Amino acid sequence: MTTPTDNPRLRWLLRRGMKELDVVVTRYYERHFATASDTERAAFVKLIETAEDPDIWAWVMDYQAVPAEYVDVVQRLRIHA
């Protein structure tokens with residue numbers, strides 16, 4: 001039986017261009033992803049697959065407004081920043 005954190009493709013996508021962002025998204029993935037709601041997991045995957053690193057970092061650091069679809073997941077990411 002596999003768990004949500006057994007996804008090698010998603011693990012690969014956690015390797016970002018910014019070390020600081022690597023730490024934040026990996027901590028979230030390892031500590032929270034498996035117990036997150038399906039909606040939150042889907043938002044996280046979409047964020048990791050489509051958003052650019054500078055945008056994710058700006059949202060996590062509260063430098064820019066977070067798009068509505070990512071508000072919940074970015075709030076969780078801030079906990080792990």
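Each remark here, short or long, concerns the structure printed above.
Described in the following lines is the structure provided in the data block.

How each quantity is defined
- Residues numbered from 1 in each chain as written.
- Predicted model: local features only at pLDDT ≥ 70, side-chain atom pairs only at ≥ 80, totals over all residues.
- Heavy atoms only, no water.
- Helix = DSSP H or I, 4+ residues; strand = E, 2+ residues; numbered from the N terminus.
- Buried < 20%, exposed > 50% of the residue type's maximum accessible area, 1.4 Å probe, protein only.
- Core = buried A, V, L, I, M, F, W, Y, C linked by side-chain atoms within 4.5 Å.
- Salt bridge = Lys/Arg side-chain N within 4 Å of Asp/Glu carboxyl O.

Here we look at unusual backbone geometry
Despite not being glycine, Asp62 shows a phi value in the positive range, around 65°. As for its placement among the helices and strands, Asp62 is situated in the loop between helix H4 (53-60) and helix H5 (71-79). A relative accessible area of 54% places Asp62 in the exposed class.

Some points on the nonpolar core
Where a protein is soluble and globular, its nonpolar side chains tend to be buried together. Of all hydrophobic cores here, the largest spans 22 residues; its most connected members are Phe44, Leu47, Trp59, Val73 and Leu77. Mapped onto this core, the elements with two or more residues apiece are helix H2 (19-31), helix H3 (38-50), H4 and H5. A per-element tally of this core places H2 first, with five residues.

With respect to the pattern of salt bridges
All chains considered together, the criterion is met by seven salt bridges. Of the charged contacts, one joins Glu30 and Arg11 as a salt bridge, the two residues approaching to 3.3 Å between their closest N and O atoms. Here Glu30, found in helix H2, pairs with Arg11, found in helix H1 (residues 8-13); they are 19 residues apart in sequence, far enough to count as distant. Overall, the relative accessible area of 36% leaves Arg11 in the partly exposed class. Residue Asp62 pairs with Arg78 through a salt bridge whose shortest N-O separation is 3.4 Å. One end of the pair, Asp62, is in the loop between H4 and H5; the other, Arg78, is in helix H5, with 16 residues separating them in the sequence.

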